[in-house]
Amino acid sequence: MTAPSAPSAGAASGGPPPPPPPVPAARRRRRAWDEAPRWQIYLPLGIYLLFTLIPFYWILLFAVRPAGSTSLLPWPMTTEHFEKVWTERSFATFFQNSLLIGLATLVMTTVVALAGGYALARFDFRFKKGFMLALLCSQFVPGALLLVPLFQIFAGLSMINSLGSVIIAETVFQLPLSMILISGFIRNVPYSLEEAAWVDGCSRFAAFRIVVLPLLRPGLVAVGSFAFVHSWNHFLFALMFLSSQEKQTIPVGLNTLMGADSVDLGALAAGGVIAAVPVVVVFAFIQKWLVTGFSSGAVKG
């Protein structure tokens, strides 16, 4: 039997421990990169943030600065431009119309995409792959190509100059991508959960409502917010299908503030702030749900 080795002199005498083994050169380079000075990170981010915030500051400056002022600071502040566009330029009516179109598009797109996405995720049928390919290819079709056929259809249905025509057009335009996203969200929900609900006596619809639908909340928020923001900012359909001023939306109203020979920069800036505020508020409240929804829908499916 081999005798145990004697302890080292350093350990026996209580001296310092032996030095650690040398760190490989590649690991030293990675550690030096990880421990880079903070200014090398914050300086590019600060420059990018500066270029991003300057346009927002500029539009706020023109919106709250008195007419004729050239100051680079918003002082003294005034609300004359907001009062002008809200009352004289009928932005109160435009805001109401845009809000109605956005909410209706959100509801219709979410409901129809939820039904179609469930069918794509849970059922196998003939030409399913071809249908999915057609949905993807439809995203490459610009909305301008749909104007003539949609205008003829709405004219035949006597829906020209009706908010319903814009709502239907926006919903149809949003459905392909929304169905694809919803189907990806539903595929992430284990099918065994629905089977367990069926065993407990639930119908397919009851199992979907009780088990699957609560798990789709982030995905529904992502799809609904995307549909709302797109319909809120869309200019083309409202311009072509709505002719009277009391039916116009905010993007079309902003276009009316730009004349052929002159532009009221204060009123245009105030209208831009009014148009941006609802979108900023919506994203401020749903940003966590939005990131979670898009990331969960991109995992598989």
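So, how was this worked out
- Residues numbered from 1 in each chain as written.
- Predicted model: local features only at pLDDT ≥ 70, side-chain atom pairs only at ≥ 80, totals over all residues.
- Heavy atoms only, no water.
- Helix = DSSP H or I, 4+ residues; strand = E, 2+ residues; numbered from the N terminus.
- Buried < 20%, exposed > 50% of the residue type's maximum accessible area, 1.4 Å probe, protein only.
- Contact = heavy atoms within 4.5 Å.
- Areas by Shrake-Rupley, 256 points an atom, 1.4 Å probe, with all protein chains shown as cover.
- Core = buried A, V, L, I, M, F, W, Y, C linked by side-chain atoms within 4.5 Å.
- Polar contact = N/O pair within 3.5 Å; in protein donor to acceptor, adjacent residues only side chain to side chain.

Novice: Could you give me a rundown of the overall build of the protein chain, with the residues and numbers involved?
Specialist: Of regular secondary structure, the protein chain possesses 14 helices and zero strands. Per-residue burial for the protein chain yields a buried fraction of 34% across its 301 residues. Put simply, 72% of the contacts in the protein chain that link residues at least 6 apart link residues at least 24 apart. Accessible area for the protein chain stands at about 18700 Å²; split by element, carbon and sulfur atoms hold 70% of it.

Novice: Got a sec to walk through the nonpolar core? Specific residues and values, please.
Specialist: Ranked by internal contacts, the top residues of the largest apolar core, which has 20 residues, are Leu114, Leu135, Ile182, Phe185, Ile186, Phe208 and Leu216. At the level of secondary structure, the elements contributing two or more residues to this core comprise α5 (91-122), α6 (128-138), α8 (163-187), α10 (204-215) and α11 (217-233). The element best represented in this core is α8, accounting for seven residues. Not counting chain neighbours up to four residues away, the residues in contact with Leu216 comprise Leu114, Phe185, Ile186, Val189 and Phe208. Counting residues in hydrophobic clusters, the runner-up holds 18 residues, among them Phe94, Trp232, Ala267 and Ala270.

Novice: How would you summarise the side chain of Lys128 if you had to cite specific residues and measurements?
Specialist: Structurally, Lys128 is set in helix α6. On the basis of relative accessible area, Lys128 is assigned to the buried category, the value being 16%. Reaching out from Lys128, the side chain makes a polar contact with the backbone oxygen of Phe123 at a distance of 3.0 Å. With residues up to four places along the chain from it excluded, the contact list for Lys128 reads Leu120 and Phe123.

Any functional reading would require information that these geometric values do not contain.
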